[in-house]
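Listed below, chain by chain, are the residues.
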Amino acid sequence: LCEVNWMDLEEGFRDRFATHLVIGQYHPRQWPEIKHIVPNIIDITEPELMPVARKWDAPLRVAYSPSRIRLPGWDDKGYDQILPTLQKLVNEGLITAEVIFNKPHKECLATRGKAHISIDEIVTGSYHLVSLESLSQGLCTIAGLDELQVKTLKILTNGDMHPWFLARPNNFEEKLRWLAESPAIVQRYAHDSRQWMEKFWHPAKTTAKFVDIYERC
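Reference entry: report on the structure contained in this document. Quantities reported herein were computed from a predicted structural model and do not represent experimental measurements. (Residues numbered from 1 in each chain as written. Predicted model: local features only at pLDDT ≥ 70, side-chain atom pairs only at ≥ 80, totals over all residues. Heavy atoms only, no water.)

**A closer look at the packing of helix H7 (residues 172-180) against helix H8 (residues 183-200)**
Geometrically, a packed helix pair is captured by the angle between its two axes and the distance between the axes. Two elements in contact, H7 and H8, have axes whose closest approach is 6 Å; the angle formed by their N-to-C orientations is 95 degrees. With respect to each other, H7 and H8 are oriented roughly perpendicular. Counting all contacts with H7, which are made through Trp178, Leu179 and Ala180, the residues of H8 involved are Pro183, Ile185 and Val186. Among the residues making up the contact of H7 with H8, the classes are represented as six nonpolar, no polar and no charged. (Axes fitted to C-alpha atoms, helices over the stretch in contact; angles between N-to-C directions. Helix = DSSP H or I, 4+ residues; strand = E, 2+ residues; numbered from the N terminus. Parallel < 35°, antiparallel > 145°, perpendicular 65-115°, else oblique. Contact = heavy atoms within 4.5 Å. Nonpolar A, V, L, I, M, F, W, Y, C, P; charged D, E, K, R; others polar.)

Quick look at the structure:
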């Protein structure tokens, strides 16, 4: 894909697409009037986004990467709820944890790729780019998807299933503890995550959705 300078485009073309496309994550709830929901494109064939060999014995490794911890909600990804739980389970010997913050993107991917479980966020009902990267890397990926987000995923994939492991602030510790004690379940989620990305998020399929809209509008 090439980079597009929107200011250089013909005004009518720019305005038409700027008001027709929205990424199918948190954004549809902000702009419900926008007509077309499109996927956030990542190249799941890149080496950094491929699964790596790992052992599935306990304690499982958990990766978590808040964006900006001083901005609650979307940016901190539930930091105040998630971090104490991670510390508690680490102290109990149930997991090891990597809290990835303020590091280059490739380093984040490399660190997360060695984990078994990736935590996205559990507070907004949506998911971030980290979810797509984690699913592509074959990780059991935790997020607090709500009904609107699940509906949006169905629109994007024309399917009824998704590979996320769902948790919210009121049950996060209980669910993470259960995963920590269930390596076989985590491994199954990890396998299904990569399979789902290959089926629905291969670049050939995600870019085709944009091309289809451009041709029809």
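**Regarding the environment of Pro183**
Within the element layout of this structure, Pro183 appears in helix H8. Pro183 gets classed as partly exposed once you look at its relative accessible area, which sits at 21%. Placed 125 residues apart in sequence, Pro183 and Ala58 show a C-alpha to C-alpha distance of 7.0 Å. (Buried < 20%, exposed > 50% of the residue type's maximum accessible area, 1.4 Å probe, protein only.)

**Some details on the pairing of strand E3 (residues 60-64)**
With four of five residues buried, E3 lies mostly within the body of the structure. Note that E3 and strand E4 (residues 95-99) share five bridges and pair parallel. Directly across from Tyr64, in E4, lies its bridge partner Val99. The sheet contact formed by E3 and strand E5 (residues 117-119) spans three bridges and is parallel. Residue pairing across strands places Val62 opposite Ile117, the latter belonging to E5. (Pairing = 2+ DSSP bridges.)

**Overview of the packing of aromatic side chains**
For the structure shown, the criterion picks out seven aromatic pairs. For the pair Phe165 and Trp178, a centre-to-centre distance of 6.2 Å together with 15 degrees between the ring planes defines the contact as stacked. Separated by 13 residues along the polypeptide, Phe165 in strand E7 (residues 165-166) and Trp178 in helix H7 bring together distant segments of the chain. A relative accessible area of 6% means that Phe165 is categorised as buried. Among the aromatic residues, those joined into a ring-pair cluster are Tyr127, Trp164, Trp196, Phe200 and Trp201. The side chain of Lys175 reaches across the aromatic face of Phe165, ending 5.6 Å from its centre. (Phe/Tyr/Trp six-rings, centres within 6.5 Å; stacked < 30°, edge-to-face > 60°. Lys NZ or Arg CZ within 6 Å of the ring centre and 35° of its normal.)

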